[in-house]
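# Secondary and tertiary structure notes
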Amino acid sequence: MSSPETGASEKTSLSASTLRRQVDAPLADQFVNLEAVARLSDDASNVAIALSTLTAGTRVKHQDSVFSLSHTVLTGHRFAVKDIAIGEQLTSWGLPFGRANRAISAGDYVSNASTLEALSLRDVDAEFPRDANFEDDMHAYSLNPASFEPASQVPRHDLTAVFEGYPRRDDRGKLVRGVGTRNMIVLLGTSSRTASFVRQLERRLNAANKVSEDGLEDGLEGIVAVAHTEGGSRDVPNNLEQTLRTLAGFMTHPNVAACLAVDMPSDALNNARLKDYLSTHNYPLDTLPHAFMSLQDSFSASLERAEQMVTAWLPAVREQCREAMPLSHLKVALQCGGSDAFSGISGNPLAAWVAKEIIQHGGSANLAETDELIGAESYVLQHVKDVATAQQFLDMVARYKQFAASHGTSAEGNPSGGNKFRGLYNIVLKSIGAANKKHPDVRLDAVINYGQPMTDPGFYFMDSPGNDLESIAGQVAAGCNLIFFITGNGSITNFPFVPTLKIVTTSTRFELLHNDMDVNAGAYLDGTPLDEVGRDTFNLSLQVASGERSVGEQAGHSQVQLWRNWQQAREEKPDEVRLEQLKARERRQDGHPIPICPPASTWSRTFTMTHADDRAMVEPLGLLLPTSLCSGQIARMAAERLNQKLTEMSPIRRFVPLVHTEGCGVSSGSSEALFARTFVGYLRHPAVRMALLLEHGCEKTQNDTMRHYLQDAGVDAGAFGWASVQLDGGIASVLTNMDAWATARLAELSAYDRQLTSLASLKLALLTDDASDDKVAH
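Figured I'd write up the structure that's included with this text.

Rules used throughout
- Residues numbered from 1 in each chain as written.
- Predicted model: local features only at pLDDT ≥ 70, side-chain atom pairs only at ≥ 80, totals over all residues.
- Heavy atoms only, no water.
- Patch = residues over 30% accessible without salt bridge, like charges linked within 9 Å, V, L, I, M, F, W, Y side chains within 5 Å.
- Areas by Shrake-Rupley, 256 points an atom, 1.4 Å probe, with all protein chains shown as cover.
- Salt bridge = Lys/Arg side-chain N within 4 Å of Asp/Glu carboxyl O.
- Helix = DSSP H or I, 4+ residues; strand = E, 2+ residues; numbered from the N terminus.
- Phe/Tyr/Trp six-rings, centres within 6.5 Å; stacked < 30°, edge-to-face > 60°.
- Buried < 20%, exposed > 50% of the residue type's maximum accessible area, 1.4 Å probe, protein only.
- Lys NZ or Arg CZ within 6 Å of the ring centre and 35° of its normal.
- Pairing = 2+ DSSP bridges.
- Right-handed = clockwise from strand over helix to strand, strands pointing away.
- Core = buried A, V, L, I, M, F, W, Y, C linked by side-chain atoms within 4.5 Å.
- Axes fitted to C-alpha atoms, helices over the stretch in contact; angles between N-to-C directions.

## As for a nonpolar patch on the surface
Residues Val618, Leu759 and Leu762 make up a contiguous nonpolar surface patch of roughly 240 Å² in combined accessible area. Residue placement: Leu759 occurs in the loop between strand E30 (753–758) and helix H23 (774–777).

## Regarding the packing of aromatic side chains
Given two aromatic rings, one states the distance between the centres and the angle between the planes to describe the pair. Tallied over the full model, the rule gives 17 aromatic pairs. For the ring pair Phe403 and Trp563, a centre distance of 6.0 Å and an interplane angle of 85° mean the geometry is edge-to-face. Of this pair, Phe403 sits in helix H10 (residues 387–405) while Trp563 sits in the loop between helix H17 (551–555) and helix H18 (575–586), and the two are 160 residues apart along the sequence. In this pair, the class of Phe403 matches that of Trp563, namely buried. An aromatic cluster is built from Tyr400, Phe403, Tyr450 and Trp563, whose rings are joined through pairwise contacts. Taking the ring centre of Phe97 as reference, the NZ or CZ of Arg78 above it sits at 5.8 Å. The residue whose ring lies beneath Arg707 is Trp722, and the NZ or CZ to ring-centre distance is 4.2 Å.

## Notes on the pairing of strand E18 (residues 364–367)
The side-chain alternation of E18 yields two buried faces, one formed by Ser364 and Asn366 and the other by Ala365 and Leu367. Strand direction decides the pairing type here: strand E17 (residues 331–336) and E18, joined by 4 bridges, are parallel. The partner of Leu334 across the bridge, within E18, is Leu367. Crossover handedness for the path E17 to helix H8 (residues 343–360) to E18: right-handed. With 4 bridges joining them, E18 and strand E20 (residues 458–462) adopt parallel strand pairing. Among the inter-strand pairings, Ser364 is bridged to a residue of E20, identified as Gly458.

## Here's the deal with the nonpolar core
Counting residues in each nonpolar core, the largest one holds 101 residues, and the members touching the most others are Phe79, Leu90, Phe393 and Phe484. Here this core takes 8 residues from H8, the largest share from any one element. Grouped together as the second largest cluster of nonpolar side chains are 44 residues, Val224, Leu244, Leu285 and Ala368 included.

## What about the sheet that holds strand E26 (residues 621–626)?
The 4 strands are arranged E27-E26-E28-E29 in an open sheet whose pairing can be described as parallel. Since the sheet does not close on itself, it has two edges, and those belong to strand E27 (654–657) and strand E29 (721–724), each with one partner. Across the sheet, the mean angle from the axis of one strand to that of its neighbour is 20°, orientation sign disregarded. Sheet analysis places strand E28 (residues 688–695) next to E29, joined by 4 bridges and oriented parallel. Counterpart to Leu692 in the pairing with E29 is Gly721.

Listed below in C-alpha cells is the structure:
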C-alpha cells in the first residue's frame, strides 16, 4: 500500500477555468490528461476518482491509451482506467472493494446497485447506468500468530514541543487529570430528563456572568451544558456501564475546571450510581471542584440553588492560568463525518501526518468508529505492538458485526446516502479511506472500550459506532483534549468543552464553508506538498490547544450524543405470541366503550383554540424540523433567533425546533417507513402553520429524500421551507437564509383568532412510563 505522501494524488491539478475548457473541449481528437481531472488512490488502482463532475463523452488520456467516459461521472465517483473482465476485482488503495459482474471497459462509470438506488433519490440532472456493473467484495483478513511480527513505534523527537495548557494537579503538585486545552465549568445532565434543566441553567449563568461567545478575559473560558438522551427511565438500560464510564470521563476531563452533575433520583442512571462508579474505578474526582444535585424542588427553586453552587466556584476558576506544557499531554481524537471519496486521499492522510508528529513528541492519538474500519483490517494491522493487541482489534470488529446483526442489519451497510452520493459506494471504500487517519508508519499501541481512559502515550483504537457525535463523546471521555474532524461534505461538528479542528477534503468545499472549516486539505489535492500542509496544520493545532479559538467555537455551536441505548438482542418471541400478550392486556378492560357526551351545542365545557386554515389548534407554531440528529443544534439556534423577532401580532406564537436523534443512518424497510410516517405527521400537524426542513447535508434522510417521503404521502413539498447547512454555506449563511424564509412566510399568513370550541376538537395523547393497574388503565 502506498504512503499518503506518494503516488498520483501528489500531482498538480489545473485551474478550474482550464479544467472546464478541457472537459468541454468539442473536438473529438482532443482529450484531457487523467491527472488533470481525476486521482488514483495508488498506482495499482484500476479505477480513478473524478475531481469534478465529468460529462459523458469526455475523452481521457491515461498512460498510452485514450478512452471516452460512458456516462456523466459525478465528483468523487469512479470510472475504469483499464478494461476489467467479468469476475475481476476492482481495487483502490491496493485492496479490492468490488468484483465485476459484467465486462467493464476503460471509461465506464463503475457502480453497484445500492449507489444507483441512492442516486435515484437525488435530484441530479444526469443519466446514470440502468444496471450495476460490480458487486461488493470484501477482502477477508486472517491473523496468523505464527508469522506475526511486533512493530516498533515511530521514534521520538529529541526536542519536545510545548503548548500553553491548564495543568490539573493535586495538593502535592502531581498531574492527576492531565493538562487542559480549555478551562470550562460543565453542567452535566446525568440522565436525559435533566437535559432541559442544564440547558436553561447554562443560559441563566452565562447571562448573569456575561460569558459571551468570545469568552472572558480571565481564566474562565465558558460555562457549558452537557445534555444527552440516555438513562431517563426507572428501568436499568443495557448501556448503563458505557454511559457511566462516559459521564465519569466527562466529569474528570482535564478541560473541566468544575462540574455540577444534576439528576432525577428516580432514574436508573442517577447521581448515586455515578458517584459509586467514579469511586469504584478510581477516577480523580477529589481534585475537581464539583457537586451532585437532585431535582426535587420546583424548577425555578432548583435553578436558584444550582446557580448559587456554580457561582461559588467562579473566583477560583478565574484565577487559573495557562502554563507551558510538553506536547506529551496532548491527546487527539481522530474522527470523520460527511466523508467523501477524497477523505482517504487528502483529509485523512493530513490528519494522520499531524497525529504522527504529535506521537513523535510523546502525545497520543485515538482512532474510532469500529464499523467504519470493516474491510480495512489489513491496513490497520500492518504495524501493531503485539499479537494480543491485533487480536483485540479483530475481536471488537467481530463483536460489532454481531451487535449489528442483532438488530437485523449489518455493519457493512454503514455508508449513508450522502456517502454514496459522494462516491463511497460501500463499507470497504469508506473503511479504507477512514483507516488512512492512521499513518502507515505509526504503530497501533492499544485497543480500548468506548470511553475507557487513555493512560499511556501512543496510538489507540477505541470501540465506537460510526455516528461521529456518538463516537466523539467516547473519545472525549477517554481523555482527548483536541479533536481533528475530517469531512468531505463539510459536516458542522463541535463538542462543548473540547476544541475541534475541522479539516475539509477539497478546496471547493472549503471555499463554500470557509466560515466553519479550519483547514483546507484540498490544498494537497491542488499541488501543495503534504509536508507543507501538515506543518501548517500542526502549528495551528498547537495554537488552538493553547487557547486560540477554533471556528466552531467562534460560531457558538456544539452538540453531544452518547452511544445510544439500543436493544442488545431481539426478543425471541414470534409476532403471534406478542399479539396474544397485547390482547390479554386489552381483556383487562370491561369491553364497554367510553360514554360519549351530548352534542357540543348542549355541552357546557368548552376550551379556547386558535383557528387557521380551517384547522383547530391549541397554539399556532412554526416548526423547524431537522432531517437528522446533526442539524438539530442549528435548528435550535435558528429558533432562538426567530423567536426574538416575534410580536403579539405575529401569526404564530413561537418557533419550535424539533431536535431528535434519528436520520443519519436509519435502516431501510420498516424503520425507514416509521421514520417517514412520523416526519410527515409532524409536518401535517394542525398546530403547524409554517414549517421548514433543515438538512445537515450528508445524512441518509437529506432534503431530497424528505421530498420523496412527502410525495409518496400526497403532500405538497412546496408548502414548506427548505434549508441545508452545508449547501447553503455553513452556520451563519443557513441561519440568514432561514431568517429570510421566516420573514417572507410570516408576511403571507393571516392573523389568527381565538374562539370557544367544543371538546370534540381535542385529540388527547396518553403516556405512561410505568405499569398501570386495572383502575388506572380504566
